[in-house]
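Understanding the architecture of this molecule
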Amino acid sequence: MPCYEFEGLVPVVHPDAYVHPTAVLIGDVIVGADVYIGPCASLRGDYGRLIVKDGSNVQDGCIMHGYCDVDTVVEENVSVGHGAILHGCVIKRNCLVGMNSVVMDGAVVGEESIVAAMSFVKAGFDGAPRQLLVGSPAKVLREVTDRDMHWHGLNIREYQALAGRSAQSMTEVSPLREVEDNRPHLAGITDVKPQM
């Protein structure tokens, strides 16, 4: 993985975390245990500190950045979906930030909340626990249910396992020229399915 020291600060990655080789970590970045950082994620700690706490995932194409003297924090067991941008914000425990969402400076997303895909959480937003935030700017649509949290928990377990699976089995290879006979499908560790 490309890691860069910046003004004397070197990224810190827990040995039980997995950072994809195409993800970039710069400067003041702290990655906890059982974290998964996906392909092409950019964690630019060249201005403010970025913290991804234990059990969370920052998926492919995500961007984290922030201002000086402000920590951008992803707390424990958070999923940050593909292509999301977090800038100078705090995402509390057990949240889901949907694909291509943006969470701006000074915003706090409350525990066990969900930011719907493609939503925009404006600067200074101060969320309560268990809010479903939808739209641009994001507004509270309803309370997050136990069913929502069960589904989120299954996804979190999948990504925590994916960190270990990736560390053990992902290697760079040349592609095959054709599909082999009886090519198997991959399997997860839970029975999670897309939530409709």
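Described in the following lines is the structure provided in the data block. Just so we're clear, the structure is a prediction, and the values are computed from it rather than from any experiment.

**Comments concerning the pattern of salt bridges**
- A full pass over the atoms with the stated rule returns eight salt bridges.
- Note that K92 is salt-bridged to E75, the shortest N-O span being 3.6 Å. In this pair, K92 is assigned in the loop between β12 (90-91) and β13 (96-97) and E75 in the loop between β9 (72-74) and β10 (79-80), connecting sequence segments 17 residues apart.
- We classify E75 as buried; its relative accessible area is 12%.
- Between R130 and E112 there is a salt bridge, with the nearest N and O atoms lying 2.8 Å from each other.

**Looking at the sheet that holds β13**
- Spatially, β3-β5-β7-β10-β13-β16-β18-β19 is the arrangement adopted by the eight strands of the open sheet, whose pairing is mixed. A strand with exactly one partner marks an edge of an open sheet, and here the two such strands are β3 (18-19) and β19 (138-143).

**A few points about the packing of aromatic side chains**
- For the coordinates displayed, the defined rule picks out three aromatic pairs.
- Their ring planes at 25 degrees and their centres at 5.9 Å tell us that Y18 and Y36 sit as a pair that is stacked. Residue Y18 is found in strand β3, and its partner Y36 is found in strand β5 (residues 36-37); the two are separated by 18 residues along the sequence. Taken individually, Y18 and Y36 each receive the classification buried, so the pair is uniform in this respect.
- Residues Y47 and Y67 carry aromatic rings whose centres are separated by 6.0 Å and whose planes lie at 55 degrees to one another, so their mutual orientation is tilted.

**As for the nonpolar core**
- The biggest cluster of nonpolar side chains holds 32 residues, and the ones touching the most others in it are I37, L43, V80, L86, I91 and V103.
- Those elements that provide at least two residues to this core are β4 (24-31) and β6 (42-52).
- Setting aside chain neighbours within four positions, we find I91 in contact with V73, V74, E75, V78, L86, V97, V103 and V109.
- Core analysis: the next-biggest nonpolar cluster, separate from the first, contains five residues, L96, I114, L132 and M149 among them.

**Describing unusual backbone geometry**
- A cis amide bond, omega 0 degrees, links S136 with the succeeding residue P137.
- Locating P137 in the fold gives a position in the loop between β18 (131-135) and β19.
- Positive phi values are uncommon outside glycine, yet N77 reaches one of about 55 degrees.
- Within the chain, R130 stands out as a residue other than glycine whose phi angle is a positive 60 degrees.
- Relative to the helices and strands, R130 resides in the loop between β17 (120-121) and β18.

**As for the layout of surface pockets**
- The space that makes up the largest pocket amounts to roughly 600 Å³.
- L96, M99, W151, N155 and Q195 are, among the 27 residues lining the largest pocket, the residues nearest its centre.
- For the lining of the largest pocket, the secondary-structure elements that each account for two or more residues are β13, β16 (114-115) and α1 (146-169).
- No other element matches the eight residues that α1 contributes to the lining of the largest pocket.

**Considering a nonpolar patch on the surface**
- On the surface, Y47, Y67 and V70 cluster together into a nonpolar patch covering about 290 Å² of accessible area.
- On the secondary structure map, Y47 appears in strand β6.

**Observations regarding the state of the cysteines**
- For the structure on display, the rule yields zero disulfides.
- C40 takes part in no disulfide bond, and the closest cysteine sulfur to it belongs to C62, at a distance of 11 Å.
- Look at C40 and you get exposed, because its relative accessible area is 54%.
- Unpaired in terms of disulfides, C95 finds its nearest cysteine sulfur in C89, a separation of 10 Å.
- A relative accessible area of 0% means that C95 is categorised as buried.

Calculation rules
Residue indices follow the written sequence of each chain, beginning from 1 at its first position. A pLDDT threshold of at least 70 governs which residues receive local features in this predicted model, and a stricter bar of 80 or more applies before side-chain atom pairs are shown or counted, although totals over entire chains, interfaces and linings include all residues. Calculation of side-chain values draws on the structure's entire complement of heavy atoms; hydrogens and water are dropped beforehand. Whenever a carboxyl oxygen of Asp or Glu lies within 4 Å of a side-chain nitrogen of Lys or Arg, that contact is scored as a salt bridge. Helix and strand labels come from DSSP, where a helix needs a run of H or I of at least four residues and a strand needs a run of E of at least two; each type is numbered from the N terminus. Classification of residues uses two cut-offs on accessible area relative to the type maximum, computed with a 1.4 Å probe and protein chains only: under 20% is buried, over 50% is exposed, and between them is partly exposed. Paired strands are those between which DSSP finds at least two bridges. Aromatic pairs are defined between Phe, Tyr and Trp rings, using the six-membered ring for Trp, whenever the two ring centres lie within 6.5 Å; interplanar angles under 30 degrees are classed as stacked, those over 60 as edge-to-face, and all others as tilted. Side-chain atoms within 4.5 Å link the members of a nonpolar core, which is a set of buried Ala, Val, Leu, Ile, Met, Phe, Trp, Tyr and Cys residues. Residues are treated as being in contact if the distance between any of their heavy atoms lies within 4.5 Å. A cavity here means a set of 1 Å grid points, computed over protein atoms only, where a 1.4 Å probe fits but cannot escape. A pocket is an open set with protein on both sides within 12 Å along at least 5 of 7 lines, and lining residues have an atom within 4 Å of a point. Grid points are joined across faces, edges and corners, and a volume is the space filled by probe spheres set on the points. To count toward a patch, a residue needs a relative accessible area above 30% and no salt bridge. Like charges then connect within 9 Å, nonpolar side chains (Val, Leu, Ile, Met, Phe, Trp, Tyr) within 5 Å. Residue exposure ignores everything except the shown protein chains as possible cover, and the areas themselves are Shrake-Rupley values with a 1.4 Å probe. Here, a disulfide means two cysteine sulfur atoms that sit within 2.5 Å of each other.

Everything listed here is a matter of geometry and, on its own, says nothing about what the molecule does.
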